[in-house]
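Here is what each chain is made of, one letter per residue.
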Amino acid sequence: MILLYIFLFWLLSLILLLTWKLALFKKTWKEPYFSDIPVLIESDDWGPGGDFHATRLDKLLTTLSQHLDSTNRKAILTADIVLAVPDTEKIQHNSNGSYSRISLEHFPEIYASMLSGVKQGTFVPQLHGMEHLNGNAFAQLCKQKDSRTEQARATQNWWDWETLESPLQGHYVNGGTLPTTPISNVEAIQIIDSASQLFTQLFKYPTQSTVAPCYLWNDEIETAWNNQNIQTIQTAGYRCTGRDNTGKHIQNPSLIRVGERNKNDQIYLVRNVMFEPVDGKNTTETAYQESIAAYKQAQPITISTHRYNYTRDEEQCDDSLTGLNNLIDKITKLPNIRFLSSPELGEIIRSPEQVIINHFNNTQWKSVNTLTGHKKLSAFLYRLYFRNPKLVLASYITGFIIPLPG
């Protein structure tokens, strides 16, 4: 009789749980699951810079080339490219307050390093933006001699936009005042069309994917990307449409999962491993634990590691390279690891059985195995476990999860 009561309690709990979370279960089950786990290394902000940037990039790509996946493919840097920087000298002499830029091809050392990496298969470019700021807004601030542009206006040669205050670094918004305002649709189309054309000119193949500077973009930007056949959008697991009057990011939507699609049928990707050691909070060990969590969920392991980790002082660069080398070494000891770039992952989510194609150097690799049917049950349960603490608590209370020692 006691066993019968226990069974009835368990059955009732199951019915209530299914009623409560059925939509979540269905949505999670429909996500992509991988038997061969993609590993992506995403690095924002590469573009025009000092000659030493080329040396640092070469060292980074050399480090990656020492690591092979289960098909003997080298680790790949998906480098999010900023195509131009402000020409501050010209801007100050433009009587009408217009914006002027210097594009990547005028920085031959770093551009040559990029092309060398493309040829060797360790570097895949991806559009970040024409700039990492709003050009028209920046020019107006320079004309007004705004104190936030003082360093830029005082620099005779090349100037590093990373010294700008964070709100001014948004590309598809005007952050001159808070709250930010989105750029007009006309301006968005002009910027994205020009950037797409320049990207193709520089790298001999169109960008298929993108990530917005500062994760700031909206529906109109996505449509402009779609008009340039950009079908994959890299995210941090959310989208920000602007900043409020305190500078805080406004998230909409606040949660994005790998493989979700927008109204244009563009595919979202998600960074789920943070390796930003210069910030002092994302160590090799924390990044590895995040990688293990993704691996157990049969998700891509997508590592975020910005350019500044490798372009600050020499000691910081060496520390970052050592940490990244150790991280990738640990990841490659896991079974069935596959190194991919972001545009490649977007393509295989759309067409899971196709071969992997690096369109920038015309190399091909065998297709990535996915999980379907009952084979993805374990990973499905892990996703529920890692993502939904209330659901986990309810499962413990009802006995759906039985804690075991160790």
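Source: prediction; values computed, not measured.

Asker: Hey, could you run me through helix H2 (residues 51–65) in this one?
Answerer: Structural remark: α-helix, 3.6 residues per turn; residues separated by three or four positions point the same way. Between its first and last C-alpha atoms H2 spans 22 Å; for 15 residues at 1.5 Å apiece the expected length is 21 Å, and the two agree. Of all the residues in H2, the buried ones are His53, Ala54, Arg56, Leu57, Leu60, Leu61, Thr63 and Leu64. The elements touched by buried residues of H2 are strand E1 (37–46), strand E2 (77–82), helix H4 (108–120), strand E5 (123–129), helix H10 (308–311) and helix H11 (314–331).

Asker: I would appreciate a short explanation of the side chain of Thr71 in the present structure.
Answerer: Here Thr71 is to be found in the loop between H2 and E2. Taking the relative accessible area as the measure of exposure, Thr71 reaches 18% and is therefore buried. Engagement of the side chain of Thr71 in a polar contact is seen with the side chain of Asp69, the distance being 2.8 Å. Ignoring sequence-local partners within four residues, the contact set of Thr71 consists of Arg338, Trp365 and Lys366.

Asker: I would appreciate a short explanation of the side chain of Glu162 in the present structure.
Answerer: For Glu162, the location among the structural elements is in the loop between helix H6 (150–154) and strand E6 (173–174). The residues contacting Glu162, other than those within four sequence positions of it, are Asp45, Gln169, Arg307 and Tyr308.

Asker: For this particular structure, what's the right way to read a nonpolar patch on the surface?
Answerer: Taken together, the side chains of Tyr382, Tyr385 and Phe386 present a nonpolar region at the surface, about 280 Å² in accessible area. Within the secondary structure, Tyr385 is located in helix H13 (residues 377–387). On the basis of relative accessible area, Tyr385 is assigned to the partly exposed category, the value being 40%.

Asker: Help me understand the environment of Val118 in this model?
Answerer: Its location among the elements puts Val118 in helix H4. Note: C-alpha distance between Val118 and Ile76 (42 residues apart in sequence) is 9.5 Å. Among all residues touching Val118, those that are not within four sequence positions of it are Phe123, Pro125, Phe360 and Asn361.

Asker: What should I look at first to understand the packing of helix H7 (residues 185–203) against helix H8 (residues 219–227) in this one?
Answerer: Axis angle and axis distance: for two packed helices, these are the angle between their axes and the distance between the axes, and together they describe the pair. Where H7 meets H8, the closest approach of the two axes is 9 Å, and the angle between their N-to-C directions is 35°. In the crossing of H7 with H8, the sense of the turn from one axis to the other is right-handed. Residues Asn185, Ala188, Ile189 and Ile192 of H7 touch H8, and the partners they reach there are Glu220, Ile221, Ala224 and Trp225. For the contact of H7 with H8, a count of residues per class yields 6 nonpolar, 1 polar and 1 charged.

Asker: Even after reading the chapter, I still don't get helix H9 (residues 284–296), so can you show me in this structure?
Answerer: The first and last C-alpha atoms of H9 sit 18 Å apart over 13 residues, in line with the 18 Å expected at 1.5 Å per residue. Those residues of H9 that fall on the buried side of the exposure criterion are Thr284, Ala287, Tyr288, Ser291, Ile292, Ala293 and Ala294. Check the buried side of H9 and you find it contacts strand E13 (273–274), strand E14 (301–304), H11 and H13. Directly beyond the C-terminal end of H9, a positive phi value near 55° is found at Ala298.

Asker: I would appreciate a short explanation of the pairing of strand E9 (residues 232–235) in the present structure.
Answerer: Looking along a regular strand, one sees the side chains alternate between the two faces of the sheet. Side chains of E9 alternate between two faces, with Thr232 and Gln234 and Ile233 and Thr235 buried alike. Pairing between strand E8 (residues 209–210) and E9: 2 bridges, direction parallel. Bridging from a neighbouring strand, Ser209 pairs with Thr232 of E9. Following the chain from E8 across H8 to the adjacent parallel E9, one finds a crossover that is right-handed. Bridge count for E9 against strand E12 (residues 267–270) is 4 bridges, and the pairing is parallel.

Definitions and limits used
- Residues numbered from 1 in each chain as written.
- Predicted model: local features only at pLDDT ≥ 70, side-chain atom pairs only at ≥ 80, totals over all residues.
- Heavy atoms only, no water.
- Helix = DSSP H or I, 4+ residues; strand = E, 2+ residues; numbered from the N terminus.
- Expected span 1.5 Å × (residues − 1).
- Buried < 20%, exposed > 50% of the residue type's maximum accessible area, 1.4 Å probe, protein only.
- Contact = heavy atoms within 4.5 Å.
- Polar contact = N/O pair within 3.5 Å; in protein donor to acceptor, adjacent residues only side chain to side chain.
- Patch = residues over 30% accessible without salt bridge, like charges linked within 9 Å, V, L, I, M, F, W, Y side chains within 5 Å.
- Areas by Shrake-Rupley, 256 points an atom, 1.4 Å probe, with all protein chains shown as cover.
- Salt bridge = Lys/Arg side-chain N within 4 Å of Asp/Glu carboxyl O.
- Axes fitted to C-alpha atoms, helices over the stretch in contact; angles between N-to-C directions.
- Left-handed = near helix turned anticlockwise from the far one by under 90°.
- Nonpolar A, V, L, I, M, F, W, Y, C, P; charged D, E, K, R; others polar.
- Pairing = 2+ DSSP bridges.
- Right-handed = clockwise from strand over helix to strand, strands pointing away.

Keep in mind these values describe shape, not function.
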